[in-house]
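Structural overview for review
Okay, here's what each chain looks like letter by letter:
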Amino acid sequence: MSIKARLFGKPWQQKDPSIRRQAVAESDDPELQAELGHIAEHDESAEVRLTALRRINTEPFWLDARLRETDPAIVQAADTFLIKAVLQRPDEKLIKERLEWFRRIDDADFIRKAAGRAPDRALRAEALSRIDSPGFLGDRVIEETDDELALSLIERIDQPSTLERINSALRRKSKRRARAVEERLHRLQAQSGDYDEASASASRLVERAERLARGDFEGDRRTEHDELESLWQAADSPPAHLARRFQGAMEIVRRALETAGRSAANRKKADSEPATRAADASLASTVERLEAIENIDALGIDRAAELLGEFDRVWQAIDQPGPADQELRERALPILQALQKRRQASNKQASNKKEAPRPAEQSEQDSTDWQAELDAATRLIEAGDIAKAQAALRDLRSRLDRLKPKQRPREAAGRLGRLEGRLREMRNWEHWSNNKHRDELIERIEQLADSGQHPDAISAALKEARKEWQHLEDLEVLPGDKRRHAAPAGQWRRFQAACKNAFEQAQPFFEKRHEVQAENLEQLEAFLERARTLADDDETGIDTLKQFLKSARLAIRRLDDLPPKARGKSAAQLREVMDALSGRLDAAFETIENEKRRLVREAQALEHEADLKTAIEQAKALQARWQKTGTGRRRVEQKLWKEFRAPIDPLFEKLQGEQNNKREAQEAELAVLRELVEQAEELAKVDEAELDQAEGKMKALRSQWETAGRRPGHLAERFEKAGHALDRRLEDRRLAARRRALEQLEQFAGRVQSAWQSRQSGQAPDIEMPQTDADDELARSLQAAARRLADESVDTETIAEQVAENGEQARKVVIEMEFLAGLDSPPEDREARMNFQVERLAKRMSERAETPGLAEELAELRRRWYASFPQPAETHDDMAKRFRKCQNVLESMSGTD
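Structure report, in brief. (Residues numbered from 1 in each chain as written. Predicted model: local features only at pLDDT ≥ 70, side-chain atom pairs only at ≥ 80, totals over all residues. Heavy atoms only, no water.)

What about the overall build of the chain?
Scanning the chain from terminus to terminus reveals 36 helices and 0 strands. When the 897 residues of the chain are sorted by exposure, 39% land in the buried category. For the chain, the exposed area adds up to about 52,400 Å²; of that, 48% sits on carbon and sulfur atoms. (Helix = DSSP H or I, 4+ residues; strand = E, 2+ residues; numbered from the N terminus. Buried < 20%, exposed > 50% of the residue type's maximum accessible area, 1.4 Å probe, protein only. Areas by Shrake-Rupley, 256 points an atom, 1.4 Å probe, with all protein chains shown as cover.)

Focus: unusual backbone geometry
At the junction of Phe869 and Pro870, the peptide bond is cis and its omega measures out at -5 degrees in the coordinates. Position of Pro870 relative to the elements: it lies in the loop between α35 (854-867) and α36 (873-894). With a phi close to 55 degrees, Asn57 is a non-glycine residue in the positive phi region. Position of Asn57 among the secondary structure elements: in the loop between α4 (46-56) and α5 (59-68).

Describing the environment of Asp829
Along the polypeptide, Asp829 turns up in the loop between α33 (796-821) and α34 (830-847). The spatial distance from the C-alpha of Asp829 to the C-alpha of Ile815 is 7.3 Å, given a sequence separation of 14 residues. Every residue in contact with Asp829, bar those within four places of it in the chain, is listed here: Arg811, Ile815 and Arg882. (Contact = heavy atoms within 4.5 Å.)

Focus: the packing of aromatic side chains
Applying the stated criterion across every chain, the model contains 18 aromatic pairs. Here Trp626 and Phe644 contribute two aromatic rings whose centre-to-centre distance is 4.5 Å and whose plane-to-plane angle is 25 degrees, an arrangement assigned as stacked. Of this pair, Trp626 sits in helix α28 (residues 612-629) while Phe644 is found in helix α29 (residues 634-683), placing the two residues 18 residues apart along the sequence. Measuring from ring centre to ring centre gives 4.4 Å for Trp705 and Phe719, while their planes differ by 0 degrees; the resulting arrangement is stacked. Highlighted residues: Trp705 in helix α30 (residues 691-707) and Phe719 in helix α31 (residues 713-760), separated in sequence by 14 residues. By relative accessible area, which is 2% here, Trp705 ends up buried. Phe719 sits in the buried class, given a relative accessible area of 2%. Among the aromatic residues, those joined into a cluster by ring pairs are Trp865, Tyr866, Phe869 and Phe883. (Phe/Tyr/Trp six-rings, centres within 6.5 Å; stacked < 30°, edge-to-face > 60°.)

A look at the nonpolar core
Grouped together as the largest cluster of nonpolar side chains are 55 residues, with contacts concentrated most on Val24, Trp62, Trp101, Phe102, Phe110 and Val141. Looking at this core, the element that brings in the most residues is helix α6 (residues 72-88), giving 8 residues. Counting residues in each nonpolar core, the second largest holds 32 residues, with Leu742, Val752, Met879 and Leu890 among its members. (Core = buried A, V, L, I, M, F, W, Y, C linked by side-chain atoms within 4.5 Å.)

Focus: helix α25 (residues 489-536)
Residue pairs spaced three or four apart in an α-helix point in one direction, given the helix's 3.6 residues per turn. Between its first and last C-alpha atoms α25 spans 61 Å; for 48 residues at 1.5 Å apiece the expected length is 70 Å, and the helix comes up short by more than 12%. At Ala506, α25 shows its maximal bend, which comes to roughly 45 degrees, and the proline Pro508 appears one to four places after that position. (Expected span 1.5 Å × (residues − 1). Bend = angle between axes of the 7 residues up to and from the residue.)

So, the environment of Glu525
In this fold, Glu525 is placed in helix α25. For the pair Glu525 and Ser570, spaced 45 residues apart in sequence, the C-alpha to C-alpha distance is 8.3 Å.

Comments concerning a negative patch on the surface
There is a patch of like negative charges on the surface, built from Asp536, Asp537, Asp538 and Glu539. Here Asp537 shows up in the loop between α25 and α26 (542-557). (Patch = residues over 30% accessible without salt bridge, like charges linked within 9 Å, V, L, I, M, F, W, Y side chains within 5 Å. Salt bridge = Lys/Arg side-chain N within 4 Å of Asp/Glu carboxyl O. Lys, Arg positive; Asp, Glu negative; His and termini not counted. Charge placed at Lys NZ, Arg CZ, Asp CG, Glu CD.)

Describing the side chain of Thr286
Positionally, Thr286 belongs in helix α17 (residues 281-291). Given the relative accessible area of 4%, Thr286 is considered buried. Dropping the residues within four chain positions of it, Thr286 is found in contact with Glu310, Phe311 and Val314.

Overview of the environment of Ala122
Note on placement: Ala122 falls in helix α9 (residues 121-129). Residues Ala122 and Ile95 lie 27 residues apart in sequence; the distance between their C-alpha atoms is 7.7 Å.

Here we look at the pattern of salt bridges
Tallied over the entire structure, the rule returns 54 salt bridges. Among the ionic pairs, Asp64 bridges to Arg68, the shortest N-O distance being 3.0 Å. Taken together, the residues Asp64 and Arg68, both in helix α5 and 4 residues apart, mark about one turn of the helix. Since its relative accessible area comes to 38%, Asp64 is described here as partly exposed. The exposure class of Arg68 is partly exposed, given its relative accessible area of 32%. Note that Arg124 and Glu144 form a salt bridge whose closest N and O atoms lie 2.8 Å from each other. Of this pair, Arg124 sits in helix α9 while Glu144 is found in the loop between α10 (134-143) and α11 (147-154), placing the two residues 20 residues apart along the sequence. In this pair, the class of Arg124 matches that of Glu144, namely buried. Here the salt bridges do not stand alone but share partners, grouping Asp106, Arg130, Glu595, Arg598, Arg601, Glu602 and Arg625 into one network.

Things to note about the packing of helix α7 (residues 95-102) against α9
Put simply, α7 and α9 touch, their axes get as near as 10 Å, and they point 20 degrees apart. Considered as vectors, α7 and α9 are oriented roughly parallel to each other. Crossing angle aside, the handedness with which α7 passes α9 is right-handed. For the pair α7 and α9, the contacting residues are Ile95, Arg98, Leu99 and Phe102 in the first and Ala122, Leu123, Glu126 and Ala127 in the second. Among the residues making up the contact of α7 with α9, the classes are represented as 6 nonpolar, no polar and 2 charged. (Axes fitted to C-alpha atoms, helices over the stretch in contact; angles between N-to-C directions. Parallel < 35°, antiparallel > 145°, perpendicular 65-115°, else oblique. Left-handed = near helix turned anticlockwise from the far one by under 90°. Nonpolar A, V, L, I, M, F, W, Y, C, P; charged D, E, K, R; others polar.)

Some words on the side chain of Arg156
Among the structural elements, Arg156 can be located in the loop between α11 and α12 (160-170). A distance of 2.4 Å separates the side chain of Arg156 from the backbone oxygen of Ile131, its partner in a polar contact. (Polar contact = N/O pair within 3.5 Å; in protein donor to acceptor, adjacent residues only side chain to side chain.)

Remember, this is a structural readout, not a statement about activity or role.
This is how it looks when you write it as structure tokens:
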């Protein structure tokens with residue numbers, strides 16, 4: 001290590017971030033290589049950490065950085081690397097970190113790419129869980145490589161049109177997925193009333209029964225027959241037309257099974273009988289009739305065919321011919337050959353020998369195992385498979401006819417003829433049974449004309465009847481038949497006439513409906529044009545897109561309101577418009593949902609906010625932003641709302657708890673305040689004897705009331721009202737006491753004045769006075785004045801001098817009171833009043849002391865007035881009158897009255 005490195009450290013250890021970044025980017029020092037991981041995680045500079053990550057450039061480090069870092073540049077670089085990595089290769093070891101990173105990604109395009117291309121199944125599943133577009137989910141059901149994941153998506157698709165498209169694409173690709181899609185579609189249709197599960201199940205049973213009747217079945221026919229009967233009995237009220245089809249098919253199967261059963265029983269019986277069994281009576285009778293023919297050449301063609309068919313039927317009825325039967329057959333064989341030649345000769349004459357035998361056929365060698373193939377044909381007939389049996393017999397007949405007459409095996413030819421007769425009998429029976437069914441159809445159609453049913457019901461009944469009629473034709477007219485129709489011509493004409501009559505009853509309705517359907521088509525075309533315009537307009541709002549998509553879905557369910565020829569094209573146009581509207585809505589919903597996912601992450605970050613008040617304010621702001629963001633898809637919206645509320649609800653619950661505690665504390669305080677108010681109201685109502693104590697208690701209550709923190713207005717009003725009521729009572733009592741004291745003073749003063757006047761007149765003064773409080777100084781002063789008047793030792797002249805002084809003092813008091821009361825003084829006292837005013841003003845200006853209140857001055861003047869007794873008798877009455885007048889005015893002015 002160089003001295004510089006020892007002194008200053010390695011370049012990637014320098015304080016300057018730019019030096020560290022350059023060293024991390026360019027240096028090849030092995031020590032740096034070992035430290036890159038630590039630098040990528042712990043360096044103070046985000047640029048240095050990013051450079052180290054780019055130098056390492058491995059997925060584990062990028063994942064760790066993405067999940068840990070908040071620097072935008074590092075986050076963006078990590079996302080760029082990881083987006084490529086997760087789409088290129090799977091990694092089971094890092095799947096947990098990959099999923100945690102993927103949940104933080106909001107790029108809708110990448111989420112869709114991951115849903116389709118991510119090698120990790122778990123990552124595809126996570127991506128698909130964040131996508132709600134029915135069209136995209138439908139594509140993934142078709143293309144997804146994992147069956148279970150694809151099947152899980154089907155339940156999330158609720159658009160019937162999408163499910164129909166998926167079902168059509170999966171029919172040849174995956175029967176399991178196709179069945180699941182079909183079941184989901186049927187459930188949705190059943191919920192909307194568009195699918196009848198019972199009718200569909202019954203239709204499937206009818207199709208199985210008809211395949212069994214045609215012989216298109218591999219397996220045990222008896223078991224299939226019994227299973228179909230059991231399932232049909234369990235069916236829930238199948239439609240009548242399906243019931244008729246089912247019963248007709250099952251009747252054919254039962255007859256075939258009965259025939260096969262009889263043949264097996266006869267064979268078993270023949271095996272158990274002795275070999276010397278007598279010849280069959282019917283066969284013997286038939287042979288006798290054949291031997292009774294004198295001239296075979298004279299027989300007609302039809303009679304010859306009838307005899308051949310009769311012998312074949314009788315012979316085929318014998319399951320196990322015995323020796324006696326074989327002997328009778330040998331006896332009849334020459335006659336049968338002659339009848340066959342007669343029939344063949346007649347056929348040749350009818351064809352006028354237009355076809356000459358081909359050389360190849362003349363020389364054709366017979367290599368057919370006739371008995372084996374006839375046995376196979378016999379089994380087909382016994383199984384009731386008429387179509388296959390006829391094809392087999394036609395083939396055998398063709399090959400037999402191509403042989404030269406001498407090369408034709410007689411036994412095989414005879415057995416073939418008998419099998420053909422037996423097949424004709426089965427077909428004749430089927431024809432007879434089907435004709436009965438056709439008569440029922442004709443009768444049912446004839447009843448439609450006057451049934452009063454809805455025209456659509458009549459039309460549906462006609463279609464169903466024609467379908468059944470054609471079905472009967474298909475059962476009877478087999479490949480290779482020359483006839484084109486199985487029904488008799490008269491029966492067919494009756495059927496056509498009945499259908500025409502029924503349709504004419506409904507035709508006016510159909511014509512009117514055609515006009516209405518044409519109008520509906522015009523309205524639909526206008527709607528489609530408007531919808532395409534809105535779908536292409538980027539300014540179209542989500543609500544408008546929703547409204548038009550809803551209308552399009554309603555329209556595609558009502559395609560029956562359009563002309564039949566326009567329904568296919570209109571359905572395709574509606575699906576195209578719906579796909580466009582859904583694409584716009586999906587994009588808008590993705591934007592809204594991604595924004596709400598960001599709000600969810602911001603809400604989750606509030607869990608780390610220490611200040612509850614700040615957290616609540618931020619939560620309210622997030623809620624306001626949530627409302628402004630808009631509404632996404634319901635299922636995703638509900639999921640995101642739960643995730644959004646999860647971190648926020650505890651905050652409001654905590655706030656609610658604090659508010660409840662605060663409310664409880666406030667309630668406790670209010671209870672204390674109510675108690676104080678009630679005590680104050682009780683004090684305001686106490687008896688007069690307890691008023692003194694009530695005043696002290698009220699002071700204590702007021703002290704407690706003032707120390708209380710929050711005082712509700714209604715309680716404060718009650719408390720103040722109670723306090724004022726008590727104060728008024730106390731004040732009234734004090735006023736009453738003062739009035740009584742004044743009345744007593746007035747009484748004392750009158751007694752003193754009377755005593756003076758009595759002494760002046762030479763009479764003994766009456767100085768007896770009522771008791772008074774010891775603390776009443778004026779009363780004591782008046783009592784002292786009365787005693788002095790009664791004291792004979794005091795000279796009258798001395799008292800007269802004092803009375804004269806008292807008179808002057810009383811005059812001054814009255815003048816001062818008249819000044820304060822604003823009353824005029826008599827002319828003789830005006831000069832004295834002026835002097836008083838000047839003195840009063842000079843005193844106030846010189847002393848600048850605090851001016852006493854009016855009540856205090858009145859109290860002082862009242863004291864001086866009563867201290868002036870006794871007064872001169874000649875002026876007392878006038879002075880007393882002036883005093884009382886001024887006293888009343890001053891009491892009113894001072895509020896002490």
